[in-house]
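# Analysis of the macromolecular model
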There are 2 protein chains.
Amino acid sequence: MDFFDIVHARYSHKENFLPVPVPLNDLEKIARAGLSAPNGVNRQLTRLVLLPNREALASLSDLIEHGGLRSAPAAIAVLTTDETPPDGVNFEKEDYSAAVENMLLSAVALGYASLWLDYPWFDAERQKRAKEVLGAPDNYHLWATLPIGKPDGVGSRREKMPVEERLFYGTYGARK
Amino acid sequence: MDFFDIVHARYSHKENFLPVPVPLNDLEKIARAGLSAPNGVNRQLTRLVLLPNREALASLSDLIEHGGLRSAPAAIAVLTTDETPPDGVNFEKEDYSAAVENMLLSAVALGYASLWLDYPWFDAERQKRAKEVLGAPDNYHLWATLPIGKPDGVGSRREKMPVEERLFYGTYGARK
């Protein structure tokens, strides 16, 4: 599959997954792509936890109602820390986001669907319980869990604005 | 080039570029990949400004000392706004970061080098002047400028931690 075909084929799969296992080798390939994303000042603060089957996923998916994570045959949990030097910029969100995007594209490249599933972990109590389940250190945050698997049917796509409304030439608002 | 080869070939090119023009079609292909990145609640707040040649780039690169932007034959400026609904989460950083990562990978896919150049724009005075140059609305922020072109020589690479120190199995810290 051509690189640009992969980029444009990626979508946020919010529906269920088929109960088809994901080989560990595929998950590791996806995770290694995530860890090769650029990161602020080369501090490499992103950490990934592979949840390679339903057994490994059960305690985490029990915390939320989202169908995708509850049916996914595998997932990857994405954590970073906001620990920065006193004079340093906090690149936590940039770091984890670039890693997530690499992994979402990698999943498509290998024939899977995935989702940047973050909102359940914004809730403080659920964040705390998820970190306990994952055994994550206090100074790390769980930002996202990416369910990964073969989609059960064609997932829905959100409507997109015309590119011309977001892409300018030379100055903001200028058209081609 | 295989998708995973592209991911692992990407690096932050901090040195100079050759004075070889980048066809507008290539820049647009890169930008469209950026705009197809996932974004919070489908709000699509990321905006891109193509700076397709030195003339278009000059006023912006005059604001900073960075060699890469000063020698690049083209660049893309990346902006988002933090305007969110009263009860909404601000996904500004996640949105622009995913778009940037798509564009950095796209540049590699087309045979170019690039860089996530952000730190000059953290300075408030320079941010203000850059937004004037770009004609950006008050409520938008310039987060990054990506110089794009053929690298002048082999760029340096930062040393990376072993993947095993960042990739865990089932729980945080657990090895395979």
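Relevant structure appears above.
Anyway, here's the lowdown on the structure attached to this text. Residue numbers restart at each chain and count upward from 1, following the sequence in its written direction. To read the labels, note that chains go from A and ligands from 1, taken in the order they are written. Reporting of local features is limited, given that this is a predicted model, to residues whose pLDDT is at least 70; pairs of side-chain atoms are given and counted only at 80 or more, and all residues count toward the totals for whole chains, interfaces and linings. Values reported for side chains reflect all heavy atoms of the structure, with hydrogen atoms and water molecules removed beforehand.

## Quick word on the relation of the copies chain B and chain A
What sets the superposition is a least-squares fit of C-alpha atoms, and only residues with pLDDT of at least 70 in both copies go into it. Rotating chain B by 180° and translating it 0.0 Å along the rotation axis places it on chain A, where the RMSD comes to 0.0 Å. What the rotation and shift describe, once combined, is the action of a two-fold rotation axis. Looking at the interface residues of chain B, 100% of them are also at the interface in chain A, so both copies use one shared face. Contacts: residue pairs with any heavy atoms within 4.5 Å of one another.

## Section: the interface of chain B and chain A
How large an interface is tends to be reported as the accessible area lost when its parts come together. Residue-level contacts link 66 residues of chain B with 66 residues of chain A. Two parts placed together each lose some accessible area; with a 1.4 Å probe, that loss summed over both constitutes the buried area. Regarding the contact of chain B and chain A, the summed buried area is about 5900 Å², with carbon and sulfur atoms giving 59% of it. For the chain B face of the interface with chain A, the top three residues by lost area are F3, R166 and Y172 of chain B, together amounting to 14%. Put simply, a salt bridge is a Lys or Arg side-chain nitrogen that is within 4 Å of an Asp or Glu carboxyl oxygen. For the pair chain B and chain A, the number of links is four salt bridges.

## Thoughts on the sheet that holds strand β1 (residues 47–51) of chain A
Whether parallel or antiparallel, the strands of a sheet pair through hydrogen bonds between backbone atoms. Here, a strand pair is defined by DSSP locating no fewer than two bridges between the strands. The numbering of helices and of strands both runs from the N terminus, where a helix is a DSSP run of H or I of at least 4 residues and a strand a run of E of at least 2. Reading across from one edge, β3(A)-β4(A)-β2(A)-β1(A)-β5(B) is the order of the five strands in this open sheet, with mixed pairing throughout. Lying at the two open borders of the sheet, with one neighbouring strand each, are β3 (113–114) of chain A together with β5 (167–169) of chain B. Strand direction decides the pairing type here: β3 of chain A and strand β4 (residues 140–149) of chain A, joined by two bridges, are antiparallel. Bridge pairing in β4 of chain A places A113 of chain A opposite G149 of chain A. The convention used is that axes are lines fitted to C-alpha atoms, helices contributing only their stretch in contact, and that angles between N-to-C directions extend from 0 to 180 degrees. In the packing of helix α2 (residues 24–35) of chain A onto the sheet, contacts are made with β1, β2 (74–81) and β4 of chain A together with β5 of chain B, and the angle to β1 of chain A comes to roughly 165°.

## Concerning the pairing of β4 of chain A
All names here are of chain A. Residue burial is assigned from relative accessible area. The probe radius is 1.4 Å, only protein chains are included, and a residue is buried under 20% of its type maximum, exposed over 50%, and partly exposed in between. With respect to burial, β4 is a largely interior element, nine of its ten residues being buried. Alignment of β2 against β4, held across eight bridges, turns out to be antiparallel. Looking at the pairing, I76 lines up with L146 of β4.

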